[in-house]
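Read off the chains here:
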Amino acid sequence: MKRIPSLALIACTLAMVLAMPTAAAAKTPTTTTKPTATTTTKPKQWPPLRAFDTSLGWAPCHDGWECATLTVPVDWVTKPKAGSVPEDTVPLALVRHVATDPGARIGALFINPGGPGEGGAGYIPIVTRRYPAELLARFDLVSWDPRGTGGSRPIDCLDDAGMDAITDPGPAIPLTAEQLAASHADTAALARGCTERMGSYAGQVGTRNTARDLEAIRIALGEPSINYVGYSYGTVLGMTYAQMFPKTIRTMVLDGPPDVWLPTLDYQHTQAVGFRDALDAFLGWCEQTSTCALRNVGAPRDVFESLRTSLATTPVATTYTSDGATRTGTVDEGVLVGAVIASLYDERSWPDLGRALANATRGDARALLQISDSRLGRSTDGHWDPTVEANVVISCVDRPEKPRTDVAELADVLRFQAEIPPWGGGWAVSGCTGMPKAAKGDALGDVKVAGTAPILVIGTTGDPATPYSGAVSMLTRVAGSTLLTFESTEHTAFGTARSDCIDAVVTRYLVDQTMPAPNTRC
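Calculation criteria
Residues numbered from 1 in each chain as written. Predicted model: local features only at pLDDT ≥ 70, side-chain atom pairs only at ≥ 80, totals over all residues. Heavy atoms only, no water. Phe/Tyr/Trp six-rings, centres within 6.5 Å; stacked < 30°, edge-to-face > 60°. Helix = DSSP H or I, 4+ residues; strand = E, 2+ residues; numbered from the N terminus. Buried < 20%, exposed > 50% of the residue type's maximum accessible area, 1.4 Å probe, protein only. Lys NZ or Arg CZ within 6 Å of the ring centre and 35° of its normal. Core = buried A, V, L, I, M, F, W, Y, C linked by side-chain atoms within 4.5 Å. Contact = heavy atoms within 4.5 Å. Pairing = 2+ DSSP bridges. Axes fitted to C-alpha atoms, helices over the stretch in contact; angles between N-to-C directions. Expected span 1.5 Å × (residues − 1). Disulfide = S-S within 2.5 Å.

A. Broad picture of the packing of aromatic side chains. Applying the stated rule across the entire model yields nine aromatic pairs. Measuring from centroid to centroid gives 5.0 Å for tyrosine 131 and phenylalanine 494, while their planes differ by 55 degrees, and the two rings are tilted. With a gap of 363 residues between them, tyrosine 131 in the loop between helix H2 (124-127) and helix H3 (133-138) and phenylalanine 494 in the loop between strand E11 (482-486) and helix H16 (500-512) connect regions that are remote in the sequence. Per residue, the accessibility class of tyrosine 131 equals that of phenylalanine 494, and both read buried. Consider the rings of tryptophan 285 and tryptophan 350, whose centres lie 5.8 Å apart with planes at 65 degrees: the pair is edge-to-face. Remark: tryptophan 350 occurs in helix H11 (residues 350-361) and tryptophan 285 occurs in helix H8 (residues 264-288); sequence separation between them is 65 residues. By relative accessible area, tryptophan 350 is classed as buried at 3%. In textbook terms, an aromatic cluster arises when at least three aromatic residues are bridged by ring pairs, as seen for Phe275, Tyr345 and Trp427. The ring of tyrosine 201 has arginine 153 lying over it, and the distance from NZ or CZ to the ring centre is 4.1 Å.

B. Highlighting the nonpolar core. The biggest cluster of nonpolar side chains holds 71 residues, and the ones touching the most others in it are Phe110, Ile155, Leu190 and Met252. Beyond its immediate chain neighbours, meaning those up to four positions away, methionine 252 contacts Ile226, Tyr228, Gly238, Tyr241, Ala242, Ile455, Leu456 and Tyr509.

C. Highlighting unusual backbone geometry. The amide bond that connects glycine 115 to the next residue, proline 116, takes the cis arrangement and shows omega of 0 degrees. With respect to the helices and strands, the residue proline 116 is situated in the loop between strand E4 (107-112) and H2. In the Ramachandran plot, histidine 62 falls in the positive-phi region, its phi being about 50 degrees despite a non-glycine side chain. Along the chain, the position of histidine 62 falls in the loop between strand E1 (59-61) and strand E2 (65-73). A relative accessible area of 40% places histidine 62 in the partly exposed class. Phi at glutamine 513 is positive, roughly 60 degrees, even though this residue is not glycine. By the element assignment, glutamine 513 lies in the segment after H16.

D. Broad picture of the sheet that holds strand E7 (residues 249-255). Strand order in the open sheet made by the nine strands is E1-E2-E3-E5-E4-E6-E7-E10-E11, with mixed pairing throughout. If you trace the sheet from one side to the other, it starts and ends with E1 and E11, each paired once. This sheet shows a mean twist of 25 degrees between the axes of neighbouring strands, independent of strand direction. Here strand E6 (residues 226-231) runs beside E7; their pairing, made up of six bridges, is parallel. Its bridge partner being in E7, isoleucine 226 is matched across the sheet by isoleucine 249. Together, E2, strand E3 (89-97), E4, strand E5 (139-144) and E6 form the strand contacts of helix H6 (residues 207-221), whose direction differs from that of E2 by roughly 120 degrees. Lying over the sheet, helix H15 (residues 468-477) contacts E7, strand E10 (456-460) and E11, oriented at roughly 160 degrees with respect to E10.

E. Quick peek at H11. For H11, built from 12 residues, the straight-helix expectation of 16 Å at 1.5 Å per residue is met to within 8% by its first-to-last C-alpha distance of 17 Å. Restricting attention to buried positions, one finds in H11 the residues Trp350, Leu353, Gly354, Ala356, Leu357, Ala358 and Ala360. For H11, the elements touching its buried residues are H8, helix H9 (300-313), helix H10 (333-343) and helix H12 (366-376). In the segment just after H11, glycine 363 is the residue with positive phi, at about 100 degrees.

F. Geometry of the state of the cysteines. Using the criterion set out here, one finds five disulfides in the structure. Covalent S-S linkage joins cysteine 61 and cysteine 67, the inter-sulfur distance amounting to 2.0 Å. Residues cysteine 61 and cysteine 67 are joined through a disulfide that is right-handed, its torsion about the S-S bond being 90 degrees. Among the residues examined, cysteine 67 registers a relative accessible area of 23% and is labelled partly exposed. Note that cysteine 396 is cross-linked by a disulfide to cysteine 432, the S-S spacing being 2.0 Å.

Take a look at the structure:
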(Lines give C-alpha, C1' and ligand atoms only; values in the text may rest on other atoms or scores of the structure.)
Protein backbone atom coordinates (compact mmCIF):
# COMPACT_ATOMS: atom_id res chain seq x y z
CA MET A 1 0.00 0.00 0.00
CA LYS A 2 1.02 3.58 -0.40
CA ARG A 3 2.42 5.97 2.12
CA ILE A 4 0.73 6.23 5.39
CA PRO A 5 -2.90 6.78 5.00
CA SER A 6 -2.64 3.28 3.64
CA LEU A 7 -0.64 1.87 6.52
CA ALA A 8 -2.65 3.92 9.01
CA LEU A 9 -5.83 2.55 7.46
CA ILE A 10 -4.40 -0.94 7.57
CA ALA A 11 -3.36 -0.55 11.19
CA CYS A 12 -6.79 0.83 12.09
CA THR A 13 -8.89 -1.50 10.00
CA LEU A 14 -7.02 -4.72 10.56
CA ALA A 15 -6.68 -4.26 14.30
CA MET A 16 -10.28 -4.85 15.10
CA VAL A 17 -12.52 -7.82 14.53
CA LEU A 18 -13.53 -11.27 15.65
CA ALA A 19 -13.09 -12.91 12.28
CA MET A 20 -9.33 -12.51 12.17
CA PRO A 21 -8.05 -12.99 15.75
CA THR A 22 -4.48 -12.01 16.46
CA ALA A 23 -1.40 -13.70 17.86
CA ALA A 24 1.38 -12.29 20.00
CA ALA A 25 4.21 -13.34 22.25
CA ALA A 26 3.26 -11.18 25.18
CA LYS A 27 4.27 -12.13 28.70
CA THR A 28 1.44 -13.23 30.94
CA PRO A 29 0.73 -10.27 33.22
CA THR A 30 1.33 -10.93 36.88
CA THR A 31 -1.49 -8.69 38.09
CA THR A 32 -4.40 -10.81 39.31
CA THR A 33 -6.01 -8.44 41.78
CA LYS A 34 -9.12 -6.80 40.47
CA PRO A 35 -8.70 -3.00 40.43
CA THR A 36 -11.24 -0.93 42.26
CA ALA A 37 -13.65 0.85 39.95
CA THR A 38 -13.33 4.60 40.22
CA THR A 39 -15.84 7.34 39.67
CA THR A 40 -14.67 10.90 40.12
CA THR A 41 -17.85 12.77 39.27
CA LYS A 42 -21.58 12.22 39.47
CA PRO A 43 -22.66 10.20 36.41
CA LYS A 44 -24.29 12.21 33.65
CA GLN A 45 -27.98 11.56 33.14
CA TRP A 46 -28.63 10.54 29.55
CA PRO A 47 -32.20 11.22 28.38
CA PRO A 48 -34.39 8.42 27.01
CA LEU A 49 -34.94 8.27 23.28
CA ARG A 50 -37.55 10.46 21.73
CA ALA A 51 -40.43 8.86 19.83
CA PHE A 52 -39.63 7.01 16.60
CA ASP A 53 -41.30 4.50 14.29
CA THR A 54 -40.79 1.04 15.79
CA SER A 55 -42.17 -0.84 12.77
CA LEU A 56 -40.31 -4.01 11.79
CA GLY A 57 -41.14 -6.40 8.98
CA TRP A 58 -39.19 -9.62 9.26
CA ALA A 59 -38.50 -11.77 6.21
CA PRO A 60 -36.47 -15.01 5.84
CA CYS A 61 -32.77 -14.65 4.97
CA HIS A 62 -29.37 -16.27 5.54
CA ASP A 63 -30.61 -19.86 5.78
CA GLY A 64 -32.70 -19.86 8.94
CA TRP A 65 -32.34 -16.21 9.92
CA GLU A 66 -34.70 -13.28 9.49
CA CYS A 67 -33.92 -9.80 8.17
CA ALA A 68 -35.66 -6.49 8.78
CA THR A 69 -35.04 -2.74 8.62
CA LEU A 70 -35.57 -0.27 11.45
CA THR A 71 -35.65 3.39 10.46
CA VAL A 72 -34.15 5.76 13.03
CA PRO A 73 -33.32 9.49 13.03
CA VAL A 74 -29.89 10.61 11.91
CA ASP A 75 -29.94 13.17 14.73
CA TRP A 76 -31.26 11.72 17.99
CA VAL A 77 -30.52 14.90 19.94
CA THR A 78 -32.16 17.71 18.00
CA LYS A 79 -35.90 17.28 17.56
CA PRO A 80 -37.10 18.61 14.18
CA LYS A 81 -39.37 21.66 14.22
CA ALA A 82 -42.98 21.23 13.23
CA GLY A 83 -43.54 21.97 9.56
CA SER A 84 -39.86 21.61 8.66
CA VAL A 85 -38.49 19.37 5.92
CA PRO A 86 -38.82 15.60 6.47
CA GLU A 87 -36.42 14.31 9.07
CA ASP A 88 -33.21 12.72 7.81
CA THR A 89 -33.12 9.02 8.71
CA VAL A 90 -30.93 5.90 8.71
CA PRO A 91 -32.33 2.50 7.72
CA LEU A 92 -30.67 0.02 10.10
CA ALA A 93 -30.21 -3.45 8.62
CA LEU A 94 -31.12 -6.08 11.25
CA VAL A 95 -30.87 -9.87 11.46
CA ARG A 96 -32.10 -12.33 14.04
CA HIS A 97 -32.17 -16.07 14.67
CA VAL A 98 -35.09 -17.00 16.90
CA ALA A 99 -34.44 -19.27 19.86
CA THR A 100 -34.67 -22.91 18.85
CA ASP A 101 -36.31 -23.83 22.19
CA PRO A 102 -39.07 -21.21 22.59
CA GLY A 103 -40.22 -22.69 25.89
CA ALA A 104 -36.81 -22.08 27.44
CA ARG A 105 -36.21 -18.71 25.78
CA ILE A 106 -34.50 -16.12 28.02
CA GLY A 107 -34.49 -13.10 25.72
CA ALA A 108 -32.47 -11.50 22.94
CA LEU A 109 -28.68 -11.69 22.73
CA PHE A 110 -27.31 -8.70 20.80
CA ILE A 111 -23.92 -9.23 19.12
CA ASN A 112 -21.48 -6.70 17.70
CA PRO A 113 -18.45 -8.16 15.86
CA GLY A 114 -16.12 -5.18 16.20
CA GLY A 115 -14.82 -2.45 13.98
CA PRO A 116 -15.73 0.29 13.77
CA GLY A 117 -16.78 -0.04 10.15
CA GLU A 118 -17.84 -3.69 10.28
CA GLY A 119 -21.46 -4.66 9.85
CA GLY A 120 -23.05 -7.56 11.69
CA ALA A 121 -26.05 -8.34 9.49
CA GLY A 122 -24.16 -10.54 7.05
CA TYR A 123 -21.30 -11.52 9.33
CA ILE A 124 -22.94 -12.74 12.53
CA PRO A 125 -25.02 -15.47 10.83
CA ILE A 126 -21.71 -17.03 9.78
CA VAL A 127 -19.62 -16.74 12.95
CA THR A 128 -22.37 -17.76 15.37
CA ARG A 129 -22.24 -21.25 13.89
CA ARG A 130 -19.42 -21.67 16.40
CA TYR A 131 -21.57 -20.62 19.36
CA PRO A 132 -22.58 -23.18 21.99
CA ALA A 133 -25.90 -24.85 21.09
CA GLU A 134 -27.41 -23.82 24.43
CA LEU A 135 -27.23 -20.16 23.45
CA LEU A 136 -28.97 -20.76 20.13
CA ALA A 137 -31.68 -22.66 21.99
CA ARG A 138 -32.32 -20.08 24.69
CA PHE A 139 -31.75 -16.72 23.02
CA ASP A 140 -32.83 -14.91 19.92
CA LEU A 141 -29.50 -13.92 18.37
CA VAL A 142 -29.71 -10.36 17.07
CA SER A 143 -27.23 -8.23 15.15
CA TRP A 144 -27.25 -5.24 12.86
CA ASP A 145 -25.13 -3.06 10.62
CA PRO A 146 -24.34 0.01 12.74
CA ARG A 147 -25.08 3.33 11.09
CA GLY A 148 -22.46 4.20 8.49
CA THR A 149 -21.65 0.55 7.73
CA GLY A 150 -22.86 -2.26 5.48
CA GLY A 151 -26.55 -1.89 4.65
CA SER A 152 -27.16 0.97 7.10
CA ARG A 153 -26.44 4.04 4.95
CA PRO A 154 -22.70 3.34 4.69
CA ILE A 155 -20.01 5.99 4.77
CA ASP A 156 -18.57 6.20 1.24
CA CYS A 157 -16.04 8.98 0.83
CA LEU A 158 -14.26 8.06 -2.41
CA ASP A 159 -15.11 6.10 -5.51
CA ASP A 160 -13.13 2.99 -6.36
CA ALA A 161 -10.57 4.93 -8.40
CA GLY A 162 -10.08 7.33 -5.50
CA MET A 163 -9.47 4.47 -3.07
CA ASP A 164 -6.98 2.93 -5.47
CA ALA A 165 -5.23 6.28 -5.77
CA ILE A 166 -4.58 6.63 -2.02
CA THR A 167 -3.35 3.04 -1.83
CA ASP A 168 -0.98 3.07 -4.80
CA PRO A 169 2.55 1.70 -4.34
CA GLY A 170 4.94 3.96 -2.48
CA PRO A 171 6.96 4.16 0.76
CA ALA A 172 5.34 2.14 3.53
CA ILE A 173 6.58 4.46 6.26
CA PRO A 174 7.03 8.25 5.76
CA LEU A 175 10.57 8.72 6.99
CA THR A 176 11.16 12.14 5.38
CA ALA A 177 9.29 15.42 5.36
CA GLU A 178 8.40 14.89 1.70
CA GLN A 179 6.99 11.42 2.33
CA LEU A 180 4.99 12.70 5.30
CA ALA A 181 3.55 15.48 3.11
CA ALA A 182 2.49 12.86 0.57
CA SER A 183 0.83 10.89 3.36
CA HIS A 184 -1.04 13.99 4.49
CA ALA A 185 -2.16 14.63 0.91
CA ASP A 186 -3.77 11.20 0.79
CA THR A 187 -5.45 11.74 4.15
CA ALA A 188 -6.70 15.12 2.94
CA ALA A 189 -8.15 13.52 -0.20
CA LEU A 190 -10.07 11.02 1.90
CA ALA A 191 -11.26 13.70 4.33
CA ARG A 192 -12.33 15.98 1.48
CA GLY A 193 -14.31 13.17 -0.09
CA CYS A 194 -16.02 12.44 3.22
CA THR A 195 -17.09 16.06 3.60
CA GLU A 196 -18.23 16.46 0.00
CA ARG A 197 -20.07 13.15 -0.36
CA MET A 198 -21.43 12.55 3.14
CA GLY A 199 -22.05 16.08 4.42
CA SER A 200 -23.23 16.51 7.99
CA TYR A 201 -24.21 12.84 8.20
CA ALA A 202 -20.54 11.92 8.66
CA GLY A 203 -20.54 13.64 12.06
CA GLN A 204 -23.54 11.59 13.22
CA VAL A 205 -22.05 8.07 12.91
CA GLY A 206 -20.10 7.94 16.16
CA THR A 207 -20.53 5.44 18.96
CA ARG A 208 -22.91 7.60 21.01
CA ASN A 209 -25.53 7.53 18.26
CA THR A 210 -24.90 3.84 17.60
CA ALA A 211 -25.61 3.18 21.27
CA ARG A 212 -28.87 5.07 20.88
CA ASP A 213 -29.63 2.92 17.83
CA LEU A 214 -29.07 -0.21 19.91
CA GLU A 215 -31.54 1.09 22.46
CA ALA A 216 -33.99 1.76 19.63
CA ILE A 217 -33.63 -1.83 18.42
CA ARG A 218 -34.32 -3.10 21.94
CA ILE A 219 -37.45 -0.99 22.15
CA ALA A 220 -38.66 -2.02 18.69
CA LEU A 221 -38.20 -5.69 19.58
CA GLY A 222 -40.18 -5.21 22.79
CA GLU A 223 -37.33 -6.59 24.91
CA PRO A 224 -37.36 -5.42 28.56
CA SER A 225 -33.59 -5.80 28.75
CA ILE A 226 -30.62 -6.78 26.64
CA ASN A 227 -27.97 -9.45 26.73
CA TYR A 228 -24.92 -8.33 24.80
CA VAL A 229 -21.66 -9.71 23.44
CA GLY A 230 -19.24 -7.19 21.97
CA TYR A 231 -15.85 -7.97 20.46
CA SER A 232 -12.95 -5.53 20.19
CA TYR A 233 -14.50 -2.16 19.23
CA GLY A 234 -17.83 -3.76 20.14
CA THR A 235 -16.71 -3.50 23.77
CA VAL A 236 -16.47 0.29 23.41
CA LEU A 237 -20.00 0.30 22.03
CA GLY A 238 -21.16 -1.95 24.86
CA MET A 239 -19.58 0.28 27.50
CA THR A 240 -21.10 3.36 25.92
CA TYR A 241 -24.55 1.78 25.89
CA ALA A 242 -24.09 0.68 29.52
CA GLN A 243 -23.16 4.23 30.53
CA MET A 244 -26.21 5.69 28.79
CA PHE A 245 -28.80 2.99 29.55
CA PRO A 246 -27.52 1.15 32.64
CA LYS A 247 -30.85 -0.22 33.85
CA THR A 248 -31.66 -2.13 30.66
CA ILE A 249 -28.78 -4.62 30.89
CA ARG A 250 -29.29 -8.20 32.00
CA THR A 251 -25.87 -9.53 30.95
CA MET A 252 -23.00 -8.03 28.99
CA VAL A 253 -19.75 -9.59 27.74
CA LEU A 254 -16.88 -7.31 26.68
CA ASP A 255 -14.35 -9.48 24.83
CA GLY A 256 -11.00 -7.98 23.85
CA PRO A 257 -11.49 -4.37 24.98
CA PRO A 258 -9.12 -1.70 23.64
CA ASP A 259 -8.02 1.02 26.04
CA VAL A 260 -9.03 3.83 23.69
CA TRP A 261 -9.05 6.36 26.52
CA LEU A 262 -5.28 6.33 26.70
CA PRO A 263 -3.62 9.32 25.04
CA THR A 264 -3.65 8.58 21.31
CA LEU A 265 0.09 8.07 20.87
CA ASP A 266 0.27 5.86 23.97
CA TYR A 267 -2.55 3.69 22.63
CA GLN A 268 -0.95 3.46 19.20
CA HIS A 269 2.43 2.64 20.71
CA THR A 270 0.94 -0.20 22.74
CA GLN A 271 -0.77 -1.64 19.69
CA ALA A 272 2.36 -1.32 17.55
CA VAL A 273 4.34 -3.22 20.17
CA GLY A 274 1.65 -5.90 20.20
CA PHE A 275 1.82 -6.46 16.47
CA ARG A 276 5.63 -6.42 16.57
CA ASP A 277 5.45 -9.18 19.18
CA ALA A 278 2.89 -11.06 17.08
CA LEU A 279 5.24 -11.04 14.10
CA ASP A 280 8.04 -12.24 16.33
CA ALA A 281 5.82 -15.08 17.59
CA PHE A 282 4.98 -16.11 14.03
CA LEU A 283 8.64 -16.15 12.96
CA GLY A 284 9.54 -18.10 16.10
CA TRP A 285 6.83 -20.62 15.23
CA CYS A 286 8.32 -20.96 11.75
CA GLU A 287 11.75 -21.61 13.21
CA GLN A 288 10.40 -24.41 15.38
CA THR A 289 7.73 -25.97 13.12
CA SER A 290 8.63 -28.21 10.22
CA THR A 291 5.35 -27.48 8.43
CA CYS A 292 6.08 -23.76 8.06
CA ALA A 293 6.83 -23.33 4.36
CA LEU A 294 9.11 -20.37 5.06
CA ARG A 295 11.66 -22.80 6.48
CA ASN A 296 11.99 -24.40 3.06
CA VAL A 297 13.65 -21.29 1.61
CA GLY A 298 16.04 -20.45 4.45
CA ALA A 299 16.19 -19.16 8.01
CA PRO A 300 12.71 -17.64 8.51
CA ARG A 301 13.81 -14.33 10.03
CA ASP A 302 16.49 -13.79 7.41
CA VAL A 303 14.12 -14.72 4.58
CA PHE A 304 11.41 -12.42 5.89
CA GLU A 305 13.75 -9.45 6.27
CA SER A 306 15.20 -10.03 2.81
CA LEU A 307 11.71 -10.12 1.30
CA ARG A 308 10.63 -6.99 3.16
CA THR A 309 13.71 -5.09 2.02
CA SER A 310 13.30 -6.27 -1.55
CA LEU A 311 9.63 -5.27 -1.79
CA ALA A 312 10.44 -1.84 -0.32
CA THR A 313 12.78 -1.10 -3.21
CA THR A 314 11.52 -3.38 -6.01
CA PRO A 315 7.75 -3.99 -6.00
CA VAL A 316 6.50 -7.08 -7.80
CA ALA A 317 3.68 -7.08 -10.37
CA THR A 318 1.26 -9.97 -9.98
CA THR A 319 -2.25 -11.19 -10.81
CA TYR A 320 -4.80 -13.51 -9.27
CA THR A 321 -8.26 -14.68 -10.30
CA SER A 322 -11.24 -14.93 -7.97
CA ASP A 323 -15.02 -14.90 -8.44
CA GLY A 324 -14.60 -14.91 -12.20
CA ALA A 325 -12.50 -11.74 -12.27
CA THR A 326 -8.77 -11.19 -12.63
CA ARG A 327 -6.96 -8.70 -10.43
CA THR A 328 -3.72 -7.15 -11.61
CA GLY A 329 -1.72 -5.27 -9.00
CA THR A 330 1.63 -4.49 -7.47
CA VAL A 331 2.97 -5.95 -4.26
CA ASP A 332 5.21 -3.60 -2.34
CA GLU A 333 6.10 -3.36 1.34
CA GLY A 334 2.72 -1.80 2.12
CA VAL A 335 0.85 -4.79 0.69
CA LEU A 336 3.17 -7.02 2.71
CA VAL A 337 2.15 -5.08 5.84
CA GLY A 338 -1.53 -5.67 5.11
CA ALA A 339 -1.12 -9.37 4.43
CA VAL A 340 1.06 -9.98 7.48
CA ILE A 341 -1.13 -8.07 9.94
CA ALA A 342 -4.28 -9.75 8.65
CA SER A 343 -2.69 -13.18 9.09
CA LEU A 344 -1.47 -12.52 12.62
CA TYR A 345 -4.96 -12.35 14.06
CA ASP A 346 -5.22 -16.11 14.44
CA GLU A 347 -2.56 -18.79 14.71
CA ARG A 348 -4.68 -20.88 12.36
CA SER A 349 -3.71 -18.41 9.60
CA TRP A 350 0.00 -18.81 10.17
CA PRO A 351 0.54 -21.78 7.81
CA ASP A 352 -1.08 -19.85 4.94
CA LEU A 353 1.08 -16.82 5.71
CA GLY A 354 4.20 -18.99 5.70
CA ARG A 355 3.29 -20.34 2.25
CA ALA A 356 2.49 -16.87 0.91
CA LEU A 357 5.82 -15.49 2.10
CA ALA A 358 7.76 -18.47 0.77
CA ASN A 359 6.10 -18.14 -2.64
CA ALA A 360 6.80 -14.41 -2.70
CA THR A 361 10.50 -15.05 -2.25
CA ARG A 362 10.28 -17.12 -5.44
CA GLY A 363 8.60 -14.26 -7.32
CA ASP A 364 4.97 -15.39 -6.86
CA ALA A 365 3.41 -12.70 -4.66
CA ARG A 366 -0.23 -13.15 -5.65
CA ALA A 367 -1.26 -14.67 -2.30
CA LEU A 368 0.04 -11.60 -0.45
CA LEU A 369 -2.02 -9.32 -2.67
CA GLN A 370 -5.09 -11.47 -2.28
CA ILE A 371 -4.86 -11.59 1.53
CA SER A 372 -4.38 -7.82 1.75
CA ASP A 373 -7.22 -7.11 -0.68
CA SER A 374 -9.59 -9.42 1.13
CA ARG A 375 -9.00 -7.89 4.54
CA LEU A 376 -9.30 -4.31 3.28
CA GLY A 377 -12.48 -5.00 1.34
CA ARG A 378 -11.17 -4.59 -2.22
CA SER A 379 -12.89 -7.01 -4.59
CA THR A 380 -11.16 -8.67 -7.49
CA ASP A 381 -13.22 -6.54 -9.89
CA GLY A 382 -11.85 -3.34 -8.31
CA HIS A 383 -14.79 -2.45 -6.09
CA TRP A 384 -14.06 -1.29 -2.53
CA ASP A 385 -16.61 -1.96 0.18
CA PRO A 386 -16.99 0.92 2.67
CA THR A 387 -15.25 -0.73 5.64
CA VAL A 388 -12.06 1.32 5.49
CA GLU A 389 -13.81 4.65 5.03
CA ALA A 390 -16.35 3.93 7.76
CA ASN A 391 -13.60 2.80 10.11
CA VAL A 392 -11.64 6.02 9.69
CA VAL A 393 -14.63 8.36 9.97
CA ILE A 394 -16.17 6.65 13.00
CA SER A 395 -12.79 6.40 14.74
CA CYS A 396 -12.07 10.09 14.12
CA VAL A 397 -15.55 11.20 15.19
CA ASP A 398 -15.09 9.26 18.42
CA ARG A 399 -11.46 10.16 19.10
CA PRO A 400 -10.29 13.28 17.25
CA GLU A 401 -6.54 13.73 17.33
CA LYS A 402 -4.78 16.68 18.90
CA PRO A 403 -2.94 18.62 16.19
CA ARG A 404 0.83 18.21 15.88
CA THR A 405 3.26 20.15 13.78
CA ASP A 406 4.78 18.25 10.88
CA VAL A 407 8.12 18.39 12.64
CA ALA A 408 6.69 16.85 15.82
CA GLU A 409 4.79 14.21 13.89
CA LEU A 410 7.83 13.15 11.89
CA ALA A 411 9.83 12.94 15.11
CA ASP A 412 7.17 10.64 16.57
CA VAL A 413 7.23 8.49 13.43
CA LEU A 414 11.00 8.13 13.57
CA ARG A 415 10.90 7.36 17.30
CA PHE A 416 8.24 4.66 16.85
CA GLN A 417 10.14 3.22 13.91
CA ALA A 418 13.37 3.01 15.89
CA GLU A 419 11.70 1.52 18.95
CA ILE A 420 9.31 -0.89 17.18
CA PRO A 421 10.72 -2.21 13.91
CA PRO A 422 9.89 -3.11 11.22
CA TRP A 423 6.72 -0.98 10.89
CA GLY A 424 6.15 0.82 14.18
CA GLY A 425 6.39 4.23 12.56
CA GLY A 426 3.12 3.66 10.78
CA TRP A 427 1.21 3.85 14.04
CA ALA A 428 2.51 7.37 14.78
CA VAL A 429 1.10 8.99 11.62
CA SER A 430 -1.94 11.24 11.94
CA GLY A 431 -5.02 9.66 10.43
CA CYS A 432 -7.74 12.15 11.38
CA THR A 433 -6.48 15.46 10.00
CA GLY A 434 -9.37 17.18 8.26
CA MET A 435 -11.85 14.41 9.08
CA PRO A 436 -15.45 15.27 10.09
CA LYS A 437 -16.05 16.28 13.69
CA ALA A 438 -18.69 14.81 15.95
CA ALA A 439 -22.15 16.32 15.72
CA LYS A 440 -23.87 17.68 18.83
CA GLY A 441 -24.47 14.85 21.27
CA ASP A 442 -22.30 12.34 19.38
CA ALA A 443 -18.90 13.07 20.94
CA LEU A 444 -17.72 9.94 22.74
CA GLY A 445 -15.76 11.58 25.53
CA ASP A 446 -14.89 9.72 28.69
CA VAL A 447 -16.85 6.52 29.35
CA LYS A 448 -17.27 5.08 32.83
CA VAL A 449 -20.03 2.70 33.82
CA ALA A 450 -21.92 2.35 37.09
CA GLY A 451 -25.33 1.12 38.20
CA THR A 452 -25.55 -1.88 35.87
CA ALA A 453 -25.89 -5.58 36.46
CA PRO A 454 -22.44 -7.27 36.75
CA ILE A 455 -20.51 -7.15 33.46
CA LEU A 456 -18.01 -9.79 32.31
CA VAL A 457 -14.74 -8.63 30.71
CA ILE A 458 -12.54 -11.06 28.75
CA GLY A 459 -8.86 -10.36 28.11
CA THR A 460 -6.40 -12.49 26.16
CA THR A 461 -2.85 -12.39 27.45
CA GLY A 462 -1.20 -12.29 24.02
CA ASP A 463 -3.69 -10.12 22.15
CA PRO A 464 -1.81 -7.39 20.25
CA ALA A 465 -4.78 -5.76 18.53
CA THR A 466 -6.35 -5.04 21.91
CA PRO A 467 -3.59 -5.81 24.41
CA TYR A 468 -4.43 -7.45 27.74
CA SER A 469 -3.74 -4.20 29.56
CA GLY A 470 -6.94 -2.87 28.01
CA ALA A 471 -9.00 -5.54 29.75
CA VAL A 472 -7.33 -4.77 33.07
CA SER A 473 -7.98 -1.07 32.56
CA MET A 474 -11.62 -1.80 31.74
CA LEU A 475 -12.17 -2.99 35.30
CA THR A 476 -11.44 0.52 36.55
CA ARG A 477 -14.07 1.89 34.17
CA VAL A 478 -16.89 -0.59 34.72
CA ALA A 479 -18.04 -0.78 38.33
CA GLY A 480 -18.78 -4.34 39.45
CA SER A 481 -17.09 -5.99 36.47
CA THR A 482 -15.14 -9.25 36.59
CA LEU A 483 -12.16 -10.24 34.45
CA LEU A 484 -11.94 -13.64 32.73
CA THR A 485 -8.45 -14.29 31.34
CA PHE A 486 -7.67 -16.37 28.26
CA GLU A 487 -4.02 -17.46 28.17
CA SER A 488 -3.35 -17.51 24.46
CA THR A 489 -2.05 -15.55 21.49
CA GLU A 490 -5.34 -14.58 19.88
CA HIS A 491 -7.64 -11.61 19.35
CA THR A 492 -10.87 -12.24 21.29
CA ALA A 493 -11.86 -15.55 22.82
CA PHE A 494 -15.54 -16.42 23.14
CA GLY A 495 -17.29 -18.41 20.43
CA THR A 496 -14.16 -18.75 18.31
CA ALA A 497 -13.73 -22.53 18.62
CA ARG A 498 -10.48 -22.04 20.53
CA SER A 499 -11.41 -22.61 24.16
CA ASP A 500 -14.11 -24.87 25.58
CA CYS A 501 -13.28 -23.35 28.96
CA ILE A 502 -14.04 -19.79 27.83
CA ASP A 503 -17.21 -20.89 26.05
CA ALA A 504 -18.47 -22.74 29.11
CA VAL A 505 -17.83 -19.86 31.52
CA VAL A 506 -19.47 -17.29 29.23
CA THR A 507 -22.47 -19.52 28.51
CA ARG A 508 -23.13 -19.98 32.22
CA TYR A 509 -22.94 -16.23 32.74
CA LEU A 510 -25.31 -15.45 29.85
CA VAL A 511 -27.80 -18.17 30.81
CA ASP A 512 -27.70 -18.12 34.61
CA GLN A 513 -26.09 -14.73 35.28
CA THR A 514 -23.38 -16.59 37.20
CA MET A 515 -20.07 -14.76 37.26
CA PRO A 516 -16.81 -16.75 37.26
CA ALA A 517 -14.71 -16.76 40.40
CA PRO A 518 -12.19 -13.92 40.66
CA ASN A 519 -8.93 -14.51 38.78
CA THR A 520 -10.41 -17.28 36.61
CA ARG A 521 -8.03 -18.20 33.80
CA CYS A 522 -8.55 -20.51 30.84
